[in-house]
Structures are given as structure tokens and as C-alpha cells.
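In case you want the letters, here they are:
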Amino acid sequence: MSRFLYRLGHFSARRRGLVVAVWVLLAALLAGSAALFAKGTDDAFGIPGSESQQALDALQDVAPAAAGTSAQLVVITTNGATVNAPAVMAAIGGAEQQVAALPQVAGVLDPWRSGVQGAISADSRAALISIPLKVALADVTEATKSDLASIAHDLEHALPGAEVKVGGEAFSDLMPKIGLTELAGLAVAVIVLLLLFRSLTSAGVPVFTALLGVGLSVGGVYLATAFAVIPSSAPMLGLMLGLAVGIDYSLFILSRHRQQLTAGADRIESIARATATAGSAVVFAGLTVIIALLGLLVTGIPTLTSMGLAAAATVAVAVVIAITLTPALLSFAGTRVRPWGWRNAETKDAPVGRTPVATRWVRFVTARPILTVVAVVGLLGIVTLPATGMRLALPDNGNNEHGSAARETFDAVTEHFGEGATGPLLVTAKLPTGTDPRTAVTALAAELAQQPGVASVPLAMPDESGTLAMVQVVPTSGPQSPATVQLVHDLRERAAQIADKTGLSIQVTGFTAIGIDVSTRLADALLPFGLVVVGLSLLLLLIAFRSILVPIKAAIGYLLSVGATIGITTWVFVDGNLADFFGVAQPGSVISFFPIILMGVLFGLAMDYEMFLVSRMREAYAHGIDAKRAVHAGFTSAAQVVTAAALIMFAVFVSFVPDPSPSIKPIAFGLAVGVFIDAFLVRMTLVPAVMTLLGRSAWWIPKWLDRVLPNIDIEGAAIERAATNKSDATEPVEPEPTSARG
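Residues numbered from 1 in each chain as written. Predicted model: local features only at pLDDT ≥ 70, side-chain atom pairs only at ≥ 80, totals over all residues. Heavy atoms only, no water.

A. Examining the packing of helix α10 (residues 267-294) against helix α11 (residues 302-333) more closely. The geometry of α10 relative to α11 is characterised by a closest axis approach of 10 Å and an angle of 175° between their N-to-C directions. Here α11 runs roughly antiparallel to α10, going by the angle between their axes. Residues Arg267, Ile268, Ile271, Thr275, Gly279, Val282, Val283, Gly286, Val289, Ile290, Leu293 and Leu294 of α10 form the contact with α11, whose own contacting residues are Gly308, Leu309, Ala311, Ala312, Val315, Ala316, Val319, Ala322, Ile323, Pro327, Leu330 and Ser331. (Axes fitted to C-alpha atoms, helices over the stretch in contact; angles between N-to-C directions. Helix = DSSP H or I, 4+ residues; strand = E, 2+ residues; numbered from the N terminus. Parallel < 35°, antiparallel > 145°, perpendicular 65-115°, else oblique. Contact = heavy atoms within 4.5 Å.)

In C-alpha cells:
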């Protein structure tokens, strides 16, 4: 691989104009295509093969309007009158006629005439008007929402002293938004790069490549909406990952190039060698992230599959840009990548990484390695404890920002009609031929109303053809409550008993049930997915380091990072600690796909830092340095670059935490916490301590295994050695990936 990358880096450096032109042209074409053909994102969740999806599909076939989304009007009297007053009823009736005339409205369920029970609050101060729509959530137009809001506004003016809220699923505003806070992360990245390199050009190269990569990736995701269903969180996840890995991957190649220039290497030759060596590690790190993200496909959930594909494509673009565009830009930059005021390269521009701070830190953590290991593992174990209380759910309108129309309506429904009214279940059943539809539906509704955990059955009716029963079931608990999850499971377990009494086989569906099914499937997938990721890390590191214990240590460190990150995220987003500080609108759960996204992304980042640190330690040991001193030498060589890379990733992820979207906020928070823990506690603290304890045994591998493992030359050793012999450069020779002195 390193030979190919050497030739690619050499070509990109010499044909720099062509390379830059191709990338800029590609970005322009993709942006134009996305603007012309993109259809927009779609946050409709589905889970093929689940009971909720099967029932929804059947409902779509016989009663498409019932399968669409819905809106709600809530009328609340505040002047002592009740909603049963003739004047109030007349005003509401007039508003209902206006609503029914809207193109996307399938009908209006009047609280008094539709047969809906429980649509008038117990104190008669509130009325709930349900508005089924003909279309799915993604197809609700802004005109429809604007018209509904206008009708609600007029109704409120017609009823002095009353409040009218408009909301429901159709007004869900859970899409992530890009704002000025995301630029703060980019600004921090620029500052870190300026402090690291002391050169505006050096700081600008990684930022430019990352921004171009993000533009290409996000443009590609939006273009994909023309022929695929893409959730709104996919572009934001791509933006977040693209900025983080795009800057870091270019940073690694740039830092190696500067070191080689310091040693007196020719500019073009240095670029080619940096692409071959650091570029090999970049490709390796990128592949680990891509493979882990593609592992999301095994869940069988289209939304998560789209997110995984979009994120993997973003990382792939970042890798390709790093090994092609970065060399071209470095060729244009020439000696301007050196720090300000440089005179004598060998004295003024020492290799990045060897700092007194790094030296003092590695001495501190390895002076008493057992104490360091116990302290780090103990601390991470403690913060992992809240993870046992993690609850997964799909976000609903209760996760919207306070003050939004959807959130105000959600809160009003909760206050006057109970928590369950914000997330009712829909029970369907096929009606046997020859059965009286009304009698069968009434019997089913009566049976469901008696089930524990059911607050009411406000609506029960057959479809127009009389072949399908549709029963709305309001739980006693909210849509994200564990009690509602239990109710869905109980109804499905009791389906046979209900069928014996009513003659109807039921299926439970609706947005709440779909969310529960998604969360259940993802929770079940965590263990096998984790085993695949850990197994993959063991195999890849075994090949890269030709060692048995180093991969095991890396995998354990990864698991510690994941556990601690989930624990801290649960402590904030589920338990509600510091919820106001982080802007969590409604603590109690995290979005269902958070753990599996975190595991996939953090895996790649952890292996990235592991490669850069441990490969330097291995290099020093292979050149005859004592195993324990090799830990110090390798750490000080890589510490500054790894620290800078981690700080940049941390800053980028933190900048997305203020986003109000309940889909992005916990992911950004978790990735920021995960990067900090893995980089600074695990890789920069635990790893040198463990490597010191292991000593020479860290590099042991059975000879038979060493012979059968493929030699992928992850560090570009062959290129490094050939270049050193040819030019007498002072850069240390990278070892062949064999069992070093083992």
C-alpha cells in the first residue's frame, strides 16, 4: 500500500494544478446537481419485518388517510367558561370547516360529533381536535402548516380569553440546524493548528481540505435524496464527521512532511514520502471507521442504513482528499508551511511532538504504572455505572425546544388529557368475512379498554370497506415511558387471548409503537455489533503491530471509552443532570441509534490514536531502544500531533452540542466526551502505563502467526527505508512490520 501511496503523492505534488482543478470542478458539479435534483430529507422511521411496520403497510393499502400523519388543535378556555358552551362550540365548528377544506386534510375529528371519546378534558376546559392528513410527515407542505396556524390564530381571536394551540406530528420540528455555533468549532481548530504549526499556510491546508470534503459529502447526501430516503440527521452527521476527520487526516500528512523538510528532504520527495507513511496510517484509520459505519447495515433499519452509508461516504471522501489534494496543496505551499520567522531549519523547526510537557507527562504516568492503571480504570468504571439506566427512544414533540408550536401543543395535551394522549397506539385487525364490522370493532375496543396500562379507547371504527378494524388506544403513560414500552409488549403477548375473546388477531402500530420496535431492535443489535467491532480491532491491530497483547490492550481501552461515554451521556440526557446547561429539552431517553453510532465512530477514532502512538513506540523498540524507554521515545514523538488532533475533533463535536435537534445533540455530546476520554485518559495515560508494564512482552507474537499474517506495510517502512538509503536523510527508518526483536 505504501508504494502505491508514494506514487500517488508524487503525482499529486507534481500535477498539483490538475488535482486541485479536478476537485474544485467535482465540488461545483455535485453542488449544482444537488440544487437541481434534491428532493429533501425524510424523517419517517420504518422497521421492515416488525409487527408495527406490517400493520402500517396493511393500513396503507386499505385506508391511506389513516396511515398518514396528523395535526392537532387544542382549545383551552381561561375565563371560567367551558368548551361545551354554545358560543365556543360554534366557533370551533366554523374553524373545523375551514380545516376540512385544506387540500392535504383527510378529515376532522370533532370532539362532540365524531364519536371520539376523551376529546373533552375532565374539567371541560379543553377540547382536542384531531386532524388526520392524507400525506406522510415528509410530504406536509409549509402551506398546510401555515394555514392551520392561521386558522388557530383566528379561532383564538374569536374566543376572548381562550388559548388555541396547533401542533401534532405534522408540526414536528426535530430537524438539525446549522448555525454560527458550528463555526466556533472550526475557529478552535484553526487556533489549535496555528499554535501547533506557527504558520498560517500550515493551518489553512487542513481546514481547506476538510471544508471541501464536507461540501462534497453533504452535497452528495442531498443529491441522494432524489432516489433514496435520507433522514435529516444524515447530512448533519456527515458535516460533523467530515470536519473532524478531514482536518485530522490532512494534519497527519502535513506534520510528517514538515518533519522531513526539517531533516533536509527535497520538497516533492518529502510530500511523496509523507503520503506513503502518514498516508498509510490515514487510510488504515479511515477504513476502520468506514467498516464500522457500514456495520450499521446489519440492523436492517433503513434510516440507520442511510445514516451509516452517508457517514461512511463522508469518511471515504476525507481519506481520498487527504492523500490527493493535501499533497497538491503542500506542493503549492512550498516552504511556507514552515513556522513564522524560521531561519535555520535544523534548529528552528524541530520535529513536531517532542515537547517538555509530553516528556514530563509520560514520565509521570509511567513512574508508577500500576497506580496509573488502577486510577484510570477505576475512574472510567465509576462513570460507566449510569449506563445501566440508559433508555432508548425515538424523539417526539416533547423533545422540541420550549416555545415551539409543537412543544406547546404537546405540553397542553399532556396537561389536560394525560401523558398517553401525546403518543396513542393504533391497534389494527383484519375483519373476517361475514362479520358485522361495527359489532366486531366495538367488542375489540371493549376488550382493549380493560387491559392494564390503557387509559382509554377514544376511537374504534372499521375502514370503509369493512375489512380492517382500527382502534386508537391511549396509554396511561407517555410515549417514551418504560410503562408504555411494557404495554406494547403486553398487548402483543396477549394477542392470542384477545383473539379468543373477540375473534380478531390484533397488531399494534403507530408512531409510538414503531419507535419502540426500532429501539428494541437496536438494543438487541448492540452486543453482536460490539463483538464485531472489537473483533475487527483485534484483527487489524494484530496485522498492523504483529503483536498479541497490543491489540487486546487497544480493544479493552476502546470498551472502557465506550462504557464511560455512554455512562456520562445517560447521566445528562436520561437522568437529567446538567440538562438545562446542555439545553436538553426533555430528559428521560436518548435517541435509539445513539449507542451504535457512537460505537462505530469512536472505534475508528480510537484506532487512529492508537496507531499514531503505539507505532512510534514500536519503531523505537525495533531500533534497539529498551522497551520501557521506547515507550517514552514513541510517546514524545507523537504526543503533540495526537493532542492537537484530539482537541480539534473535540472542538468540532462540542460545537454541535447546542443544536436543539434531539437526533444530533446526544450524538455530538457523546462523540465529544468519547474523543476526550479515549485520547487523553486511555491513549495518552493508560496506554503508556500498560506498555511500560508489559515491557518486551508487548511485542511478542508466535513465529508461525507472524509468518501467515499479511504484510500491509502500514507505516510505509519500505518507502522510508529506501528514501533514507538514497538521500541520507536524518529521519529515522521505519521498521518492517515483523515481530520486532521478539
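B. Expanded view of helix α13 (residues 356-367). The end-to-end C-alpha distance of α13, which contains 12 residues, comes to 16 Å, matching closely the 16 Å that a straight helix rising 1.5 Å per residue would cover. Along α13, the residues that are buried comprise Ala358, Val362, Val365 and Thr366. Down the axis of α13, the smallest arc covering the buried residues is 90°, so these residues share one side. Those residues of α13 that are exposed and aimed more than 90 degrees away from the buried face are Pro356, Val357, Arg360, Arg363, Phe364 and Ala367. The inward-facing, buried residues of α13 contact α14 (369-384), α23 (627-655) and α24 (665-694). (Expected span 1.5 Å × (residues − 1). Buried < 20%, exposed > 50% of the residue type's maximum accessible area, 1.4 Å probe, protein only. Arc of directions from axis to C-beta.)

C. Inspection of the sheet that holds strand β3 (residues 162-167) at higher detail. Pairing is antiparallel across the open sheet formed by 3 strands, whose spatial order is β2-β1-β3. Looking along the sheet, the strands with just one partner apiece sit at the ends: β2 (126-132) and β3. The sheet shows a mean angle of 15° between the axes of neighbouring strands, direction not considered. Strand direction decides the pairing type here: strand β1 (residues 70-77) and β2, joined by 7 bridges, are antiparallel. Bridge pairing in β2 places alanine 71 opposite isoleucine 131. Contacts between helix α5 (residues 86-100) and the sheet are confined to β1 and β2, with β2 contributing the most and set at about 15° to the helix. Lying on the sheet, helix α6 (residues 142-158) is in contact with β1, β2 and β3; it crosses β3 at an angle near 170°. (Pairing = 2+ DSSP bridges.)

D. How the structure looks around the side chain of aspartate 396. Within the fold, aspartate 396 resides in the loop between β4 (392-393) and α15 (405-417). For the buried residue aspartate 396, which engages in no salt bridge, the nearest side chain bearing the opposite charge is arginine 407, 7.5 Å off. (Lys, Arg positive; Asp, Glu negative; His and termini not counted. Salt bridge = Lys/Arg side-chain N within 4 Å of Asp/Glu carboxyl O.)

E. Molecular detail of empty space enclosed by the protein. Evaluation of the coordinates by the stated rule reveals 6 cavities of 30 Å³ or more. Size it by volume and the largest cavity reaches roughly 160 Å³. Around the largest cavity, the lining comprises 17 residues; the ones closest to its centre are Asn399, Phe573, Val584, Ser589 and Pro662. Contributing elements (two or more residues each) for the lining of the largest cavity: β9 (590-591) and α24. For the lining of the largest cavity, the per-class residue count stands at 10 nonpolar, 6 polar and 1 charged. (1 Å grid on protein atoms, 1.4 Å probe; cavity = no way out; pocket = protein on both sides within 12 Å on 5 of 7 lines; lining within 4 Å. Points joined across faces, edges and corners; volume = space filled by probe spheres on them. Nonpolar A, V, L, I, M, F, W, Y, C, P; charged D, E, K, R; others polar.)

F. Expanded view of unusual backbone geometry. The phi angle at serine 124 is positive, at roughly 60°, despite the residue not being glycine. By the secondary structure assignment, serine 124 is in the loop between α5 and β2.

G. Local environment of the nonpolar core. Formed by 166 residues in total, the largest nonpolar core has its most connected members in Tyr249, Ile597 and Phe653. Here this core gets 19 residues from one element, more than from any other, and that element is helix α22 (residues 594-622). With residues near it in sequence (within four places) discarded, tyrosine 249 still touches Val282, Ala285, Gly286, Val289, Val315, Ala318, Val319, Ala322 and Asp608. If you look at the next biggest cluster of nonpolar residues, it comprises 27 residues, including Leu73, Val135, Ala152 and Ala170. (Core = buried A, V, L, I, M, F, W, Y, C linked by side-chain atoms within 4.5 Å.)

H. Main features of the pairing of β1. The buried fraction of β1 amounts to 7 of the 8 residues, a majority that puts the element mostly inside the structure. Strand direction decides the pairing type here: β1 and β3, joined by 6 bridges, are antiparallel. Looking across to β3, one finds that threonine 77 is bridged to alanine 162.

I. Just α10, in detail. With 28 residues, α10 should cover 40 Å at 1.5 Å per step; its first-to-last C-alpha distance of 38 Å lies within 8% of that length. The sharpest bend along α10 measures roughly 40° and falls at glycine 279. Judged by how many residues are buried, α10 sits mostly within the fold: 24 of 28 residues are covered. (Bend = angle between axes of the 7 residues up to and from the residue.)

J. Layout of the environment of serine 2. Locating serine 2 in the fold gives a position in helix α1 (residues 2-14). Separated by 276 residues in the primary sequence, serine 2 and alanine 278 place their C-alpha atoms 9.4 Å from one another.

K. Structural detail: the sheet that holds strand β5 (residues 425-430). Judged by pairing direction, the sheet is antiparallel, and its 4 strands sit side by side in the order β6-β7-β5-β8 without closing on themselves. Each of the sheet's edge strands pairs with one partner strand only, and the pair in question is β6 (454-462) and β8 (506-509). Going from strand to strand, the sheet's axes swing by 25° on average, the running direction of each strand aside. With 4 bridges connecting them, β5 and β8 associate as antiparallel partners. For leucine 426, the partnering residue across the bridge sits in β8 and is threonine 509.

L. Local environment of the pattern of salt bridges. This model, assessed by the stated rule, comprises 13 salt bridges. A salt bridge links glutamate 142 to lysine 145; the shortest N-O distance between them is 3.2 Å. Taken together, the positions of glutamate 142 and lysine 145, both in helix α6 and 3 residues apart, correspond to about one turn of that helix. What makes glutamate 142 exposed here is its relative accessible area of 57%. Within the structure, one salt-bridge network assembled from shared partners comprises Lys553, Glu610, Asp678 and Arg683.

M. Quick look at the packing of aromatic side chains. In this structure the tally under the stated criterion is 8 aromatic pairs. Relative to phenylalanine 603, the ring of tyrosine 558 has its centre 5.8 Å away and its plane inclined at 80°; by these criteria the two rings are edge-to-face. Remark: phenylalanine 603 occurs in helix α22 and tyrosine 558 occurs in helix α20 (residues 549-573); sequence separation between them is 45 residues. On the basis of relative accessibility, which here comes to 1%, the residue tyrosine 558 falls in the buried class. Between phenylalanine 573 and phenylalanine 669 the ring centres are 5.4 Å apart and the planes differ by 65°, which places this aromatic pair in the edge-to-face class. (Phe/Tyr/Trp six-rings, centres within 6.5 Å; stacked < 30°, edge-to-face > 60°.)

N. View of a nonpolar patch on the surface. Together, Leu538, Leu549, Ile552 and Ile556 line one region of the surface with nonpolar side chains, adding up to about 290 Å² of accessible area. At 3 residues, α20 tops the list of elements feeding residues into the nonpolar patch. Following the sequence through the fold, leucine 538 ends up in helix α19 (residues 511-545). (Patch = residues over 30% accessible without salt bridge, like charges linked within 9 Å, V, L, I, M, F, W, Y side chains within 5 Å. Areas by Shrake-Rupley, 256 points an atom, 1.4 Å probe, with all protein chains shown as cover.)

O. Focus on the packing of helix α8 (residues 200-224) against helix α9 (residues 233-262). Packing of α8 against α9 brings their axes to within 8 Å, and their N-to-C directions diverge by 150°. In this view, α8 runs roughly antiparallel relative to α9, as classed from their interaxial angle. The two elements α8 and α9 meet at a crossing, and its hand is right-handed. Residues Ser202, Val205, Pro206, Val207, Thr209, Ala210, Leu211, Val214, Val218, Val221 and Tyr222 of α8 form the contact with α9, whose own contacting residues are Ala234, Pro235, Leu239, Gly242, Leu243, Gly246, Ile247, Ser250, Leu251, Leu254 and Arg258. For the contact of α8 with α9, the residue count by class is 16 nonpolar, 5 polar and 1 charged. (Left-handed = near helix turned anticlockwise from the far one by under 90°.)

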